[in-house]
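Secondary and tertiary structure notes
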Amino acid sequence: MNYLVLIPDGAADYPIDALGGKTPLEAADKPTLDRLAADSLVGTVSNVPDGMVPESDTANLAILSYDPKIYSKGRSPLEAVSMGLEMKPGDIAFRCNVVTLSEEQACYDDRIMLDHSADEITTEEAAGLIRAVAEVLGTEERAFYPGVSYRHCMIWHCPPAYREFNRPHDFLGERVGDKLPPEPYASLLRRSYEILNRHPVNEARRARGLRPANSIWLWSPGAKPALSSFREKWGLDASVISAVDLIKGIGLCAGMESIDVEGATGNYKTNYKGKADAAIDAFRRGKELVYVHVEAPDECGHRAETGNKVTSISRISEELLKPILHFLDACREPYAVMVLPDHPTPVCRRTHTREPVPFLIYRSDRRQQGVSRFCEREAEKTGIYLPEGHRLMALLTGKEPS
Ligand SMILES: [Zn+2]
């Protein structure tokens, strides 16, 4: 039995006036997904437990059968793992952004957070800056690692206990002195400005009319989640395909193979066909479960791009799902497919929300009376509701986890 799990991230939404009162899932032309829904078990599911923030790591942990209430440790350790960094017991990973602070003020604390991404600095430029920071602020216990664009990592072995860091994108335009963590963290941030502000990389950026990345900002600390092996839990050899570090990190922490697809960008122009090819190749290599995550609809939700969100859903159905189903059908072995968004990212809200999302589970050897269209309303009408997303995998496989 082969299993395909397909996650159109953030695809669920509310009815939108510009779509004639339809949701993007209702408006999208997606015959393949709708045909599957006609023969599937369809319902709604809550992937985010009460009291938890509807983040992608939380929801995807649940879908992969790891109870977020136990295993969700924040995004940084997952990103660190996907960067190939080793985390020992006692290590805490921090997201380390390079950010732009205003320069007019005399003291660090009076500066203003202008840009949490330093004008989406290039990976090459940022690597030079992170190396400069590491030379001065790195110690035996504390290391800085360059990542992609403005997103980097600090790993600190047994750091001072403090977890309530402010997220830099949450206080744009505000004075950093009101948002600083306590010592010794505040000093790291203040000293990073002295290292970075006149760094040649930043002088060159100013000359090109770009914002300097003149400070680091630390946030979202966490230990590596101790996920049990997915293979041991379900007896299935599994791969994850995603453009997003968070999702790759979850897969790697669960002992799954993470497949990088060229041109998989996380936005709506991502390489849908490349992901389909990678999934088919994984099945050919004997993988029994392939988890394909597509960030595009979520990104369109955050950017309030209704048309692109509809298009991305359509392309997921016709350029990604369709060829994989074609392959699985040709294998002449029974297979199962599960499709669901991890959480809604409504265009009108531009952020994640916590409503239940529609899901479908299709089994080629046991077809069911499903619904005419894979969407929020049809899924709700079935009256099937799963309050805990981490039970989905049992429903998909018909097994109990060991
Ligand atoms: Zn998500």
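In this text the structure is predicted, and so the values were computed from the model without any measurement.

Okay, the overall build of the protein chain next. From N to C terminus, the protein chain includes 15 helices and 13 strands. Relative to its length of 402 residues, the protein chain is compact, with a C-alpha radius of gyration of 22 Å against a globular reference of 21 Å. Out of the 402 residues belonging to the protein chain, those deemed buried represent 57%. Sequence-distant contacts, at least 24 apart, represent 75% of the contacts inside the protein chain between residues at least 6 apart. In the structure as shown, the protein chain presents an accessible area of about 16,600 Å², 48% of it carried by carbon and sulfur atoms.

Another point: the coordination of the zinc ion. For the zinc ion, the full set of protein donor atoms is Asp-9 (OD), Asp-9 (OD), Ser-56 (OG), Asp-342 (OD) and His-343 (NE2), at a range of 2.0 to 2.5 Å. Each donor residue of the zinc ion lies on the same chain, and together they follow the pattern D-x46-S-x285-D-H. In this pair, Asp-9 sits in the loop between strand E1 (2-8) and helix H1 (24-27) while Ser-56 sits in helix H3 (residues 56-63), placing the two residues 47 residues apart along the sequence. Each member of the pair, Asp-9 as well as Ser-56, is classed as buried.

Tallying each qualifying case throughout the model produces 10 aromatic pairs. Measuring from ring centre to ring centre gives 5.1 Å for Tyr-162 and Phe-165, while their planes differ by 65°; the resulting arrangement is edge-to-face. An aromatic cluster of three or more residues is present, and its members are Phe-94, Trp-156, Tyr-162, Phe-165 and Tyr-185. Above the plane of the ring of Tyr-150 lies Arg-151, whose end atom (NZ or CZ) is 5.2 Å from the centre. Above the ring of Tyr-66, the side-chain terminus of Lys-233 is found at 4.4 Å from the ring centroid.

Attention now moves to the sheet that holds strand E10 (residues 289-294). Pairing between sheet strands relies on hydrogen bonds along the backbone, with the strands arranged either parallel or antiparallel. Spatial strand order, E9-E8-E10-E1-E11-E12-E2-E13: 8 strands in an open sheet with mixed pairing. Strands with a single pairing partner mark the edges of an open sheet, and in this sheet they are strand E9 (257-259) and strand E13 (385-386). Relative to strand E11 (residues 335-339), E1 runs parallel, the two being bridged by 5 bridges. Bridged to Tyr-3 within E11 is Ala-336. Contacts from helix H13 (residues 306-331) reach E1, E10 and E11, with the element oriented near 175° to E1.

Domain annotation for the protein chain reports domain 1 (2-68 + 227-397) and domain 2 (91-222). Here the C-alpha centroids of domain 1 and domain 2 sit 34 Å apart.

Rules used throughout
Residues numbered from 1 in each chain as written. Predicted model: local features only at pLDDT ≥ 70, side-chain atom pairs only at ≥ 80, totals over all residues. Heavy atoms only, no water. Helix = DSSP H or I, 4+ residues; strand = E, 2+ residues; numbered from the N terminus. Rg over C-alpha atoms; globule rule 2.2 N^0.38 Å. Buried < 20%, exposed > 50% of the residue type's maximum accessible area, 1.4 Å probe, protein only. Contact = heavy atoms within 4.5 Å. Areas by Shrake-Rupley, 256 points an atom, 1.4 Å probe, with all protein chains shown as cover. Donors = N, O, S within 2.8 Å, 3.2 Å for Na, K, Ca; no water. Phe/Tyr/Trp six-rings, centres within 6.5 Å; stacked < 30°, edge-to-face > 60°. Lys NZ or Arg CZ within 6 Å of the ring centre and 35° of its normal. Pairing = 2+ DSSP bridges. Axes fitted to C-alpha atoms, helices over the stretch in contact; angles between N-to-C directions. Domains from an automatic or database assignment.

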